[in-house]
Amino acid sequence: MWRLFFATLVFSFAFTSSSVHHCNVEATLERFSIDFYGQQIQIEYNPAMRIAMSDRLSYTAVQRAYRELETKPNYVFLHSLNEAKEKYQLNDYLFYKLAKNSMAYIYNGDFSPAREVGLFGLLAHAGFDARLTFRSSKAFVNVYTDEELFEVPIIDDSGRSYANVSCLNGECSAHQSLYIFERRPNPGGRSFSFKLPHWPELASRPETRQLSFYFKGVLQTLEVDYDGTMVDIMADYPFVDEYCYLETPFSSVLRASLLPKLRSNMEGLSEKEKLEYLASFTRSAFEYKEDNEHFGRSKPMVPEELFDYEFSDCEDRSALFFALVRDLLDLPMAVVAYDDHLTVTVATDEVEGDNFMLDGRRYIFIDPTGPSNSSKIGRIPPGYESKAYTIIGRYK
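Values in this document were obtained by computation on a predicted structure and should not be read as measured data.

Here is what the cut-offs are and how they apply
- Residues numbered from 1 in each chain as written.
- Predicted model: local features only at pLDDT ≥ 70, side-chain atom pairs only at ≥ 80, totals over all residues.
- Heavy atoms only, no water.
- Helix = DSSP H or I, 4+ residues; strand = E, 2+ residues; numbered from the N terminus.
- Buried < 20%, exposed > 50% of the residue type's maximum accessible area, 1.4 Å probe, protein only.
- Areas by Shrake-Rupley, 256 points an atom, 1.4 Å probe, with all protein chains shown as cover.
- Lys, Arg positive; Asp, Glu negative; His and termini not counted.
- Charge placed at Lys NZ, Arg CZ, Asp CG, Glu CD.
- Phe/Tyr/Trp six-rings, centres within 6.5 Å; stacked < 30°, edge-to-face > 60°.
- Lys NZ or Arg CZ within 6 Å of the ring centre and 35° of its normal.
- Polar contact = N/O pair within 3.5 Å; in protein donor to acceptor, adjacent residues only side chain to side chain.
- Contact = heavy atoms within 4.5 Å.
- Pairing = 2+ DSSP bridges.
- Axes fitted to C-alpha atoms, helices over the stretch in contact; angles between N-to-C directions.
- Parallel < 35°, antiparallel > 145°, perpendicular 65-115°, else oblique.
- Left-handed = near helix turned anticlockwise from the far one by under 90°.
- Nonpolar A, V, L, I, M, F, W, Y, C, P; charged D, E, K, R; others polar.

Student: With reference to specific residues and values, describe the overall build of the protein chain.
Tutor: The helix and strand tally for the protein chain stands at eleven helices and 20 strands. Seen along its three principal axes, the alpha-carbon backbone of the protein chain occupies a region of about 70 × 40 × 40 Å. Taken across its 396 residues, the protein chain has 56% of its residues classed as buried. Accessible area of the protein chain: about 17200 Å², with a carbon and sulfur share of 46%. Seen as two clouds, the 41 positive and the 57 negative side-chain charges of the protein chain have centres 3 Å apart.

Student: Now, about the packing of aromatic side chains: what can you tell me, with residues and values included?
Tutor: Within the structure shown, the criterion is met by 27 aromatic pairs. A connected cluster of aromatic rings, assembled from ring pairs, spans Tyr93, Tyr96, Phe128, Phe192, Phe194 and Tyr237. The side chain of Arg190 reaches across the aromatic face of Phe128, ending 4.2 Å from its centre. For the cation-ring pair, Lys289 lies above Phe311, with the distance from its terminal atom to the ring centre recorded as 4.0 Å.

Student: Quick one: what's the story with the side chain of Arg326, residue by residue and with numbers?
Tutor: Its location among the elements puts Arg326 in helix H11 (residues 314-329). Among the polar contacts made by the side chain of Arg326, one reaches the side chain of Asp327 at a distance of 2.8 Å. Look past the residues within four positions of Arg326 in its chain and what remains in contact with it is Leu246, Glu247, Thr248, Pro249, Met333 and Tyr395.

Student: Quick one: what's the story with the side chain of Asp313, residue by residue and with numbers?
Tutor: When you line up the elements, Asp313 lands in the loop between strand S15 (311-312) and H11. There is a polar contact of 3.3 Å between the side chain of Asp313 and the backbone nitrogen of Glu315.

Student: How would you explain the pairing of strand S4 (residues 39-45) if you had to name every residue and give the values?
Tutor: With burial as the criterion, only one face of S4 is covered, namely that bearing Gln39, Ile41, Ile43 and Tyr45; the residues Gln40, Gln42 and Glu44 on the opposite face remain uncovered. Here strand S3 (residues 30-36) hands over to S4 after two residues, with Tyr37 in that stretch at a positive phi of 55 degrees.

Student: Requested: an account of the packing of helix H2 (residues 75-87) against helix H3 (residues 92-106), with residues and values cited.
Tutor: Between H2 and H3, whose axes approach to 10 Å, the crossing angle comes to 140 degrees. In this view, H2 runs oblique relative to H3, as classed from their interaxial angle. Seen from above, H2 lies across H3 with right-handed handedness. For the pair H2 and H3, the contacting residues are Phe77, Leu78, Leu81, Asn82, Ala84 and Lys85 in the first and Asp92, Phe95, Leu98, Ala99, Ser102, Met103 and Ile106 in the second. Split by residue class, the contact of H2 with H3 holds nine nonpolar, two polar and two charged.

Student: Would you mind going over the sheet that holds strand S20 (residues 390-395) in detail, with residue names and values included?
Tutor: Spatially, S18-S19-S17-S16-S20 is the arrangement adopted by the five strands of the open sheet, whose pairing is antiparallel. In the strand order of this sheet, the two ends are held by strand S18 (355-358) and S20, each with one partner. Averaged over all pairs of adjacent strands, the angle between their axes in this sheet comes to 30 degrees, without regard to strand direction. Where S18 and strand S19 (residues 361-366) come together, four bridges link them in antiparallel fashion. When the bridges of S19 are listed, Leu358 appears paired with Arg361. Sheet contacts for H11: strand S16 (333-337), strand S17 (342-347), S19 and S20; angle to S17, the most-contacted strand, approximately 20 degrees.

Next up, the structure:
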């Protein structure tokens, strides 16, 4: 995990104060429907909000574009986006993606810097502390966030960290300097969040996965439905703190399909046996492969994604096991991170084995990754018995 840090060349600009301009009641508004992860969302805007800008960026060009932007009527567009954010329960990052996709329509697919400058102003008006950086013929939107991100370009300024949300696909290079635009329309703006405490209420796309595994020598089979829309959302999602993946809940589709079947299969089992059953499931129902070998990069998964991809690793299975124990057994847990492995411990008095005490509770090691085809729990992962670890998150 690593961050890209950019050298910045700072210009001092003079600006008039910014304000939100409400649309002229006589203006002709336009509407369009945008396909957002399979959900048709209606967007309304004033065509006069568009700005013109040269593809060749300079001090003069950026200054002129921002001054023009301050005179433009973006209220209708912002109001439309905020309505969609509330209706479909979008987090800040998905709100930004909807705004960006909508701006692509408004600018007729034009990828000129004007669109990014417009997004910069829009996010500031939406309540965020946004910064603009640029070089050559490209402009980039940066948002203040107090969350930890990896493999995302970050600049630090005025004691705040700004994530470059215009450059999440690897097109930026740490060896290329960016000019940072001194204008801060909303310096006291709130932190931009990438967390997914709940899934958006977008149109679901149910997919089915057949799974099988052995529990104490007996073959178990499950047919599970999950939401392909959530998999699509995560396909290019920024790499956030590991614990966020464990906190992300099941979709309503997966919850309704998976949990009742597991609950039924565990009926009559003791607490220890239920933990063994869930460990057997995460260890053996999925094929193992490291991210670098499978994806060519690090790709932590939320629980939903394990049911779509052919392979998964320790981080992914820990996220699934964590969610299952939380939703089915409601037992306290602590997530343990080694330098190259992630595992889960559970607070229980019904299991003997390797453990540690934390806040008066005894946490037992239950590795969701392996050994494959084994239901044995209560052991530190083989090879990690004497290695140092940290606790990166807890439940209850």
